[in-house]
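The chain contents come next:
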Amino acid sequence: MALMPLPKSLRRLEEERVSVNILTPQQSQASTRPRPAPTIEATPTSQPLPPAPAQAAPPAKPAMVRATEMLSGKTLADPRSRQARADLATFASEERMVQLCNLEALDQIRKWKAEFQPEQVAPYATADETVKGTTIKGAAFRSRGKWYALKFNCELARDGESVVGFEFLVGGQIPRERWDELGLAAGHGAEVE
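Fair warning: this is a prediction, and the values are worked out from it, not measured in the lab.

1. Section: the state of the cysteines
Okay, so step 1: All told, the structure shown has one disulfide when counted by the stated rule.
Okay, so step 2: Between Cys101 and Cys154 runs a disulfide, and the two sulfur atoms are separated by 2.0 Å. Since a negative S-S torsion denotes a left-handed disulfide, the Cys101-Cys154 link at about -80° is left-handed. With a gap of 53 residues between them, Cys101 in helix H4 (residues 93-112) and Cys154 in strand S6 (residues 146-156) connect regions that are remote in the sequence.
Okay, so step 3: Overall, the relative accessible area of 0% leaves Cys101 in the buried class.
Okay, so step 4: Judged by relative accessible area, Cys154 falls into the buried class, the value being 1%.

Okay, here's the thing in structure tokens:
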């Protein structure tokens, strides 16, 4: 026992006092109402704060519609497309690729929005036709006698005989006064203004 430390003397904790107010229901409601924020009046010597810099978000770039199913193969397989298949066989490789992508564009736009009845694609209208490897980018389509801006990326199989990827973005209607400048034909059923 001699080796055991002596116990330290315990300090007595002082009681902490809390004051409590008992309120009537009316007093309780009055105390929980939101209080008006204090107003700060500017004095003649104070200078106004500079306006916060406007942080306008950049305009959102429209998203391309990505096709999940390629449609031109089904269209060409239809017995009514016999002449189109025969014509495609006579085209040079690059022209055949362009025509396959034009057909895919017509089918994809028709499937995307029923209000369009696309009948022709002009891949050279608003920009130079670009054929790079097996990807083609394009330009305008005609529906119900009106031309609309069109951008598309069309990816072909290595042999250039079928479409394996397609995405597009339909733009606004192209004004009639620009058709000649862009080489867009009026075609049948064209709207006369």
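2. Let's talk about the pairing of S6
Okay, so step 1: The sheet contact formed by strand S5 (residues 140-143) and S6 spans four bridges and is antiparallel. Paired with Arg142 across the strands is Trp147, a residue of S6.
Okay, so step 2: Here S5 folds back onto S6 in antiparallel fashion, the turn holding two residues, of which Arg144 has a positive phi close to 55°.
Okay, so step 3: Relative to strand S7 (residues 163-173), S6 runs antiparallel, the two being bridged by eight bridges. Paired with Phe152 across the strands is Phe168, a residue of S7.

3. Topic: the layout of surface pockets
Okay, so step 1: Looking at the largest pocket, its volume works out to about 170 Å³.
Okay, so step 2: As for the largest pocket, its lining consists of Thr75, Leu76, Ser81, Ala84, Asp87, Leu88, Phe91, Gln99, Leu100 and Leu103.
Okay, so step 3: Mapped by element, the contributors of at least two residues to the lining of the largest pocket are helix H2 (72-77), helix H3 (82-90) and H4.
Okay, so step 4: Taken together, the residues of the lining of the largest pocket sort by class into six nonpolar, three polar and one charged.

4. Structural notes on the packing of aromatic side chains
Centre-to-centre distance and the angle between the planes together describe a pair of aromatic rings.
Okay, so step 1: According to the stated counting rule, one finds seven aromatic pairs in the structure shown.
Okay, so step 2: Taking the centre distance of 5.0 Å and the plane angle of 75° together, the rings of Phe116 and Tyr148 count as edge-to-face. Placement of Phe116 in the loop between H4 and strand S2 (118-122) and of Tyr148 in strand S6 is noted, with a sequence separation of 32 residues between them.
Okay, so step 3: Its relative accessible area of 9% is what places Phe116 among the buried residues.
Okay, so step 4: Through successive ring pairs, a cluster of aromatic residues spans Trp112, Phe116, Phe141, Tyr148, Phe152, Phe166 and Phe168.

5. Let's talk about the pattern of salt bridges
Okay, so step 1: Scanning the model with the defined rule gives eight salt bridges in all.
Okay, so step 2: The residue Arg142 makes a salt bridge to Glu119 at a minimum N-O spacing of 2.6 Å. Pair noted here: Arg142 is in strand S5 and Glu119 is in strand S2, with a separation of 23 residues, a long-range link.
Okay, so step 3: A relative accessible area of 31% places Glu119 in the partly exposed class.
Okay, so step 4: Connected via shared salt-bridge partners are Glu69, Lys74 and Lys111.

6. Considerations on the environment of Leu76
Okay, so step 1: By the element assignment, Leu76 lies in helix H2.
Okay, so step 2: On the basis of relative accessibility, which here comes to 13%, the residue Leu76 falls in the buried class.
Okay, so step 3: Separated by 24 residues in sequence, Leu76 and Leu100 place their C-alpha atoms 9.4 Å apart.
Okay, so step 4: For Leu76, the residues in contact, after removing those within four places along its chain, are Ser81, Ala84, Arg85, Leu88, Leu100 and Leu103.

7. A few points about the environment of Ala105
Okay, so step 1: By the secondary structure assignment, Ala105 is in helix H4.
Okay, so step 2: Measuring from C-alpha to C-alpha, the distance between Ala105 and Asn153 comes to 9.4 Å, with 48 residues separating the pair along the chain.
Okay, so step 3: Contacts of Ala105, omitting those with residues within four sequence positions, involve Val121, Leu150, Phe152 and Phe166.

What counts, and at which threshold
Residues numbered from 1 in each chain as written. Predicted model: local features only at pLDDT ≥ 70, side-chain atom pairs only at ≥ 80, totals over all residues. Heavy atoms only, no water. Disulfide = S-S within 2.5 Å. Helix = DSSP H or I, 4+ residues; strand = E, 2+ residues; numbered from the N terminus. Buried < 20%, exposed > 50% of the residue type's maximum accessible area, 1.4 Å probe, protein only. Pairing = 2+ DSSP bridges. 1 Å grid on protein atoms, 1.4 Å probe; cavity = no way out; pocket = protein on both sides within 12 Å on 5 of 7 lines; lining within 4 Å. Points joined across faces, edges and corners; volume = space filled by probe spheres on them. Nonpolar A, V, L, I, M, F, W, Y, C, P; charged D, E, K, R; others polar. Phe/Tyr/Trp six-rings, centres within 6.5 Å; stacked < 30°, edge-to-face > 60°. Salt bridge = Lys/Arg side-chain N within 4 Å of Asp/Glu carboxyl O. Contact = heavy atoms within 4.5 Å.

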